[in-house]
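# Examining the three-dimensional arrangement
Residue strings, one per chain:
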Amino acid sequence: MLAAAMGLADCRIIELPRITDPRGNLTFIEAHRHVPFEIERVYYLYDVPGGETRGGHAHRRLEQLIIAMSGAFDVVLDDGYEQQVFPLNRSYYGLYVPTMVWRELVNFSSGSVCTVLASRPYEEEDYYRDHDEFVAAVRARDGMPGPAAP
Ligand code: TYD
């Protein structure tokens, strides 16, 4: 089922509409127009100390759109084979993260706000919180030998 596997190639920046105005800019998100999944939950990270790291997990079934609503941070994505860094620093960019992609959110600027649109409710059993376990699951999915033992 390699064809259906989700990976870095499926991760992308979605540019959200922007109504620029000297009184302040406006961005909107319409569920069925701008987001490639049904939005089931919204959460946000705030009061993150500068330089702090969040994330450090992957999801079996959850898809997300990650937005730097204010400030800036970097999202490091890893599909079990390779990594890519997406710097987020605009309120009108959303980073789409499909299932089975490990994410670390790093280098938060102080005062930044990270808003996440999510396709499912919070389910702890949906998380991979151990990176080795995640990589092993990706390789098993793809019929590849597991990572070499240290
Ligand atoms: P976690 O997803 O690990 O945070 P992050 O990836 O942003 O660093 O969640 C941290 C804690 O918050 C964990 O105990 C679960 C809880 N939590 C909820 O109860 N509901 C939610 O929607 C989220 C995202 C987390």
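Presented here is a report on the structure given in the accompanying data block. (Residues numbered from 1 in each chain as written. Predicted model: local features only at pLDDT ≥ 70, side-chain atom pairs only at ≥ 80, totals over all residues. Heavy atoms only, no water.)

## Points about the packing of aromatic side chains
Within a pair of aromatic rings, the relevant descriptors are the distance that separates the centres and the angle that separates the planes. One pass over the structure, following the stated rule, counts seven aromatic pairs. Measuring from ring centre to ring centre gives 5.8 Å for Tyr44 and Tyr46, while their planes differ by 45°; the resulting arrangement is tilted. The partly exposed category is assigned to Tyr46, whose relative accessible area is 49%. Note that Arg18 overlies the ring of Tyr92, its terminal NZ or CZ placed 3.8 Å from the centroid. Here Arg60 stacks its cationic end above the ring of Tyr128, 3.9 Å away from the centre of that ring. (Phe/Tyr/Trp six-rings, centres within 6.5 Å; stacked < 30°, edge-to-face > 60°. Buried < 20%, exposed > 50% of the residue type's maximum accessible area, 1.4 Å probe, protein only. Lys NZ or Arg CZ within 6 Å of the ring centre and 35° of its normal.)

## Structural notes on the layout of surface pockets
Approximately 240 Å³ is the volume attributed to the largest pocket. Looking at the largest pocket, it is lined by 15 residues, and the ones nearest its centre are Tyr43, Arg54, Gly55, His57 and Tyr127. Among the secondary structure elements, those contributing two or more residues to the lining of the largest pocket are β2 (41–45), β3 (54–59), β4 (64–70), β8 (102–106) and β9 (113–118). Per-class residue counts for the lining of the largest pocket are eight nonpolar, three polar and four charged. (1 Å grid on protein atoms, 1.4 Å probe; cavity = no way out; pocket = protein on both sides within 12 Å on 5 of 7 lines; lining within 4 Å. Points joined across faces, edges and corners; volume = space filled by probe spheres on them. Helix = DSSP H or I, 4+ residues; strand = E, 2+ residues; numbered from the N terminus. Nonpolar A, V, L, I, M, F, W, Y, C, P; charged D, E, K, R; others polar.)

## A closer look at the site of the ligand
Taken together, Arg41, Tyr43, Leu45, Arg54, Gly55, His57, Tyr122, Tyr127 and Arg129 make up all the residues around the ligand. Measuring from an oxygen atom of the ligand, one finds a backbone N or O atom of Gly55 at 2.9 Å. Taking 530 Å² as the accessible area of the ligand by itself, protein coverage stands at 62%. Along the lines of polarity and charge, the residues of the shell around the ligand split into four nonpolar, two polar and three charged. (Near = heavy atom within 4 Å. Polar contact = N/O pair within 3.5 Å; in protein donor to acceptor, adjacent residues only side chain to side chain. Areas by Shrake-Rupley, 256 points an atom, 1.4 Å probe, with all protein chains shown as cover.)

That is the geometry; function is a separate question.
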